[in-house]
Amino acid sequence: MHRLILVLVLAMMAGTVSAQTFTLKSNDIGGQATNKQWANSFGAHGDNISPELHWENAPAGTQAFAVTMYDKDAPTGSGFWHWQAFNIPASVTELRADAGNVSKNLAPAGTIQTNNDAGMPGYLGPAPPPGPIHEYIITVYALKTKIALDKTAGPALVGFYLNANVIEKASIVMYAQNKN
């Protein structure tokens, strides 16, 4: 009897260990934001190109994806949303570089990009004020349904709907500092 229980426990553990996790990766981000990702506004002089992102092992039942970029260290009292793109089709597993530039129409068909906290649609790269390092959290959400909002929805409302419909999420971090 004890052997049977041991075999069952080991089989369950092996299944848990071999499970693939929902993962976000980027070929453009190596920890620090480069001039390519930095904003070209608010005193910054970067290229304002959203990073290439790709994800794997989406959970069963995923109907759409969303991608956000949030600066939790912004001196606003509530952080700063730099990018929110949602209703990315479930068949998509990547956003190419500069997909956050709404004028270039590089995001997958059906993707909605709302205004960031600066009031501009699409991606706005890092532009921290002089001082400490800022942490930019880039997250992909696997959603159980598409989000019933349009491009006029504000960041807080989009965040509410994302969190109400998330199955799983995965994040990577990019840092930026204005040393002036």
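Structure shown above.
Residues numbered from 1 in each chain as written. Predicted model: local features only at pLDDT ≥ 70, side-chain atom pairs only at ≥ 80, totals over all residues. Heavy atoms only, no water.

Undergrad: It is not clear to me how unusual backbone geometry should be interpreted in this structure. Could you clarify?
TA: Note on backbone geometry: most residues besides glycine have negative phi, and most peptide bonds are trans. Even without being a glycine, Phe42 presents a positive backbone phi close to 55 degrees. As for its placement among the helices and strands, Phe42 is situated in the loop between strand 1 (23-25) and strand 2 (53-56). Classification of Phe42 by relative accessible area gives exposed; the value is 57%. Positive phi, normally seen in glycine, also occurs at Asn105, with a value near 55 degrees. (Helix = DSSP H or I, 4+ residues; strand = E, 2+ residues; numbered from the N terminus. Buried < 20%, exposed > 50% of the residue type's maximum accessible area, 1.4 Å probe, protein only.)

Undergrad: How should the sheet that holds strand 2 be read in this particular structure?
TA: One key point about sheets: their strands pair by backbone hydrogen bonds, in either a parallel or an antiparallel sense. Taking strand neighbours across the sheet as the criterion, the 3 strands line up as 1-2-5 in an open arrangement whose pairing is antiparallel. Since the sheet does not close on itself, it has two edges, and those belong to strand 1 and strand 5 (94-95), each with one partner. In terms of strand pairing, strand 1 meets strand 2 through 3 bridges, oriented antiparallel. By the bridge assignment, Lys25 is partnered in strand 2 with His54. (Pairing = 2+ DSSP bridges.)

Undergrad: What am I meant to see in the side chain of Glu52 here?
TA: Take Glu52: it is sitting in the loop between strand 1 and strand 2. Here Glu52 occupies a buried position and makes no salt bridge, while the nearest side chain of opposite charge, Lys36, is found at 8.6 Å. Excluding its chain neighbours within four sequence positions, the residues that come into contact with Glu52 are Lys25, Ser26, Asn27, Asp28, Glu94, Leu95, Arg96 and Ala97. (Lys, Arg positive; Asp, Glu negative; His and termini not counted. Salt bridge = Lys/Arg side-chain N within 4 Å of Asp/Glu carboxyl O. Contact = heavy atoms within 4.5 Å.)

Undergrad: Just to check I follow, could you spell out helix 2 (residues 155-165) for this structure?
TA: Every α-helical turn comprises 3.6 residues, leaving residues that sit three or four positions apart pointing alike. Every buried residue belonging to helix 2 is among Pro155, Val158, Gly159, Leu162 and Asn165, and all of these are buried. Angular distribution of buried residues about the axis of helix 2 spans 145 degrees; they occupy a single face of the element. Those residues of helix 2 that are exposed and angled more than 90 degrees off the buried face are Ala156 and Phe160. Those residues of helix 2 that are buried are in contact with strand 3 (64-71), strand 4 (80-89), strand 7 (134-143) and strand 8 (166-176). (Arc of directions from axis to C-beta.)

Undergrad: Would you mind going over the environment of Ala176 with me for this structure?
TA: Mapped onto the elements, Ala176 comes out in strand 8. In this structure Ala176 touches Gln32, Ala33, Trp38, Pro126, Pro128, Ile133, His134 and Tyr136, once residues within four positions along its chain are discounted.

Undergrad: Which parts of the structure should I look at to understand the pairing of strand 4?
TA: Each regular strand carries side chains that alternate between the two faces of the sheet. With respect to burial, strand 4 is a largely interior element, 9 of its 10 residues being buried. Across 2 bridges, the pairing between strand 4 and strand 6 (residues 112-113) is antiparallel. Paired with Phe86 across the bridge in strand 6 is Ile112.

Undergrad: How should the nonpolar core be read in this particular structure?
TA: Proteins that are soluble and globular tend to have nonpolar side chains buried together. Ranked by internal contacts, the top residues of the largest apolar core, which has 30 residues, are Trp55, Val67 and Ile138. At the level of elements, strand 2, strand 3, strand 4, strand 7 and strand 8 are the ones that each hand at least two residues to this core. Among all residues touching Ile138, those that are not within four sequence positions of it are Leu24, Ile29, Pro51, Leu53, Val67, Thr68, Met69, Ala170, Ser171, Ile172 and Met174. Counting 10 residues, the second largest nonpolar core, distinct from the first, contains Tyr141, Leu143, Ala153 and Leu162. (Core = buried A, V, L, I, M, F, W, Y, C linked by side-chain atoms within 4.5 Å.)

Undergrad: Sorry, what's going on with the environment of Tyr70 here?
TA: Mapped onto the secondary structure, Tyr70 falls in strand 3. Linking Tyr70 and Gln84, residues 14 residues apart in sequence, is a C-alpha distance of 8.9 Å. In this view, Tyr70 contacts Ser78, Gly79, Phe80, Trp81, Glu135, Tyr136 and Ile137; residues no more than four positions away in its chain are not counted. Here Ser78 takes part through its backbone oxygen, which lies 2.9 Å from a polar atom of the side chain of Tyr70. (Polar contact = N/O pair within 3.5 Å; in protein donor to acceptor, adjacent residues only side chain to side chain.)

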